[in-house]
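Observations on the three-dimensional arrangement
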Number of protein chains: 2
Amino acid sequence: MILTVTLNAALDVTYRVPRLLPHTSHRVTGATERPGGKGVNVARVLAALGHQVTATGFAGGAVGAVVRELLAADPGVTDALVPCADTTRRTLAVVDEASGDTTQFNEPGPQITPAEWARFLTRYEELLAGARAVALCGSLPPGVPVGAYAVLVRTARAAGIPVLLDTSGEALRRGVAARPEMIKPNAAELAELTGSRDPLPATRDARRRGAHAVVTSLGPAGLLAATADGTWQAAPPRPLSGNPTGAGDSAVAGLLSALTEGLDWPARLTRAVALSAATVHAPAAGEFDPRTYEEVRGSVKVTAGQAG
Amino acid sequence: MILTVTLNAALDVTYRVPRLLPHTSHRVTGATERPGGKGVNVARVLAALGHQVTATGFAGGAVGAVVRELLAADPGVTDALVPCADTTRRTLAVVDEASGDTTQFNEPGPQITPAEWARFLTRYEELLAGARAVALCGSLPPGVPVGAYAVLVRTARAAGIPVLLDTSGEALRRGVAARPEMIKPNAAELAELTGSRDPLPATRDARRRGAHAVVTSLGPAGLLAATADGTWQAAPPRPLSGNPTGAGDSAVAGLLSALTEGLDWPARLTRAVALSAATVHAPAAGEFDPRTYEEVRGSVKVTAGQAG
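In what follows, the accompanying structure is described. (Residues numbered from 1 in each chain as written. Chains lettered and ligands numbered in written order. Predicted model: local features only at pLDDT ≥ 70, side-chain atom pairs only at ≥ 80, totals over all residues. Heavy atoms only, no water.)

1. Some remarks on the relation of the copies chain B and chain A
For the pair of chain copies, the relating operation is a rotation around an axis with a shift along it. Overlaying chain B on chain A yields an RMSD of 0.0 Å, the required transformation being a rotation through 180° with an accompanying axial translation of 0.0 Å. Viewed as a symmetry operation, the transformation between the two copies matches a two-fold axis. Residue B:Ala62 of chain B places its C-alpha closer to the rotation axis than any other residue of that unit, at 3.3 Å. (Least-squares fit on C-alpha atoms with pLDDT ≥ 70 in both.)

And the structure:
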């Protein structure tokens, strides 16, 4: 089983409006809801790839109940979310149908009490017993200590289980120092961590800060990996147009599934790039298009660089 | 007891953001929820005035459950909402803290089945047995026949109970023809009903279409009433700045409470204008400020016009 952790799980709401005009009133023409938060997205992609997946983190209140109900509709994902008293956050994407552009609103998330955090740590240790790999994903809800990911990385490492950490800011900085197997920053997160906007030196710098491997997302240009085995760049055969929401989460699912299958770095990166491309190209945000996945993964271009 | 009907009840969500920038991502700094829909707002104001109130309409799904839970926290309002299978709508107000302006998003509401509508009609007749007055408020959710308010007006009239109808568009046009005791359009709704933008002739025209009395909201300028007893304009002593959300619902509560207390038109209009002003002046949208209410109701200026 692969374990995904989403401490700040969410209900992702999408509104479609004919045209977004600030300071006016809009009739929402379409409203959809899906379970969200990066780790939940990763779990759903892993399940679609045929992996056994367990999703943990926190869920609370009426919104948390909806997240769990929607998650139950995905037979591939086992729900191991830990209840919290405060309410799970919503994220809202308002899609302007005239331009196709999206305006995003993210609630901060539930206030987690020290007792709830302690309960989560106990549950996490129990779940690790059956896990072959762990993904730690996304922001920390209020109340969770900023060093939370460092604790979770160390606990998994002590149990001999590889960890992929995908977060940002101070949570990433502290988590990296605990030496996760992999991190997957995008260019902005990497720049914030290292102070450099030049992807190759910054990716290598991030490795020196503690991650065994750093896979930087370069958007439509693919992935750049600095690892103990070397440096690679992997790019899709052509840039795909579409909605990039969830593309990073699909890359995490690709990297982690390939890791548990014992594939080498070029094969891991190929899968991650193809899944990202298939997510950008899917009709619904955060889903992936299986046909694009099959098509792209035969033609991802992986270029080896100098040893990392 | 006063009965309020909110066929399209809502969960009113308010997001505060530092500045609204379309097509970017926003961290929501404050998120609040309250039970909403015009009739629910009217019920809460009536309860605050000390009246026994029962709120009916539809509530369904996870959002409907939250509406009912929040409503239960108001001891003055009896919840007689009828369950529906589809989910109650949310409305979202995004407040730009830099400008103070609000951008509104309204979901359409639940799809009501013919069986649910029939169930509502039965419940409505039961509730009428104990009602001294009825307020029919707001939009119709999908699936409810467009002539719904005409049916509800006729049923109440047959039971000898006065009805105030506060809606818009085709639902108003059809409802008016069933001869409600009062309607309370704003200037835009009145113009849509009558084709005239001149408030006095349009208000009188709306009476000829069937309403026994028409009370038109003129925004900060107060109310204009055309009734069988005459025509009046009622204005606050000074324009009050603030958030006009809910001011119309407070006016409805003022008119209806004064009607059940047997007050004459100048006293009804005075109460409605003072409650509206106190709502505009309240710190939270849709609440009213009791001090402003007491202060303004001593100084509302009511001017009699020609017999309506």
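Next comes the rest of the description.
2. Points about the nonpolar core
Judged by nonpolar contacts, the single largest core of 70 residues is most densely connected at A:Phe105, B:Phe105 and B:Leu269. Top element by residues in this core is helix H9 (residues 265–280) of chain B. It accounts for nine residues. Two domains each put at least three residues into this core: domain 1 (1–22 + 29–108) and domain 2 (218–308) of chain B. Not counting the four nearest positions on each side in its chain, A:Phe105 is found in contact with A:Arg90, A:Thr91, A:Leu92, A:Val94, B:Tyr15, B:Val17, B:Leu20, B:His26, B:Val28 and B:Val94. (Core = buried A, V, L, I, M, F, W, Y, C linked by side-chain atoms within 4.5 Å. Buried < 20%, exposed > 50% of the residue type's maximum accessible area, 1.4 Å probe, protein only. Helix = DSSP H or I, 4+ residues; strand = E, 2+ residues; numbered from the N terminus. Domains from an automatic or database assignment. Contact = heavy atoms within 4.5 Å.)

3. With respect to the pairing of strand S9 (residues 102–106) of chain B
Here three bridges tie strand S3 (residues 25–27) of chain A to S9(B), and the two strands are oriented parallel to one another. Looking at S9(B), one finds that A:Arg27 is bridged to B:Asn106. Relative to S9(B), strand S8 (residues 89–96) of chain B runs antiparallel, the two being bridged by five bridges. Each residue of the ladder has a partner; that of B:Thr91, found in S9(B), is B:Asn106. What sits between S8(B) and S9(B) in their antiparallel hairpin is a turn of five residues, with B:Gly100 showing a positive phi close to 85°. (Pairing = 2+ DSSP bridges.)

4. Side note on the sheet that holds strand S4 (residues 30–36) of chain B
Spatially, the five strands line up as an open sheet ordered S3(A)-S9(B)-S8(B)-S2(B)-S4(B), and their pairing is mixed. Of all strands in the sheet, those bounded by a partner on one side alone are S3 of chain A together with S4 of chain B. Neighbour-to-neighbour, the strand axes of this sheet turn through a mean angle of 15°, independent of strand direction. The pairing of strand S2 (residues 10–17) of chain B with S4(B) spans seven bridges and is antiparallel. Across the sheet, B:Asp12 pairs through a bridge with B:Arg34, a residue of S4(B). Each of S2 and S4 of chain B touches helix H1 (residues 38–48) of chain B; the most contacted strand, S4(B), lies at about 85° to it. Most of the contacts of helix H2 (residues 61–72) of chain B go to S4(B), to which it runs at about 80°, and overall it touches S2, S4 and S8 of chain B. (Axes fitted to C-alpha atoms, helices over the stretch in contact; angles between N-to-C directions.)

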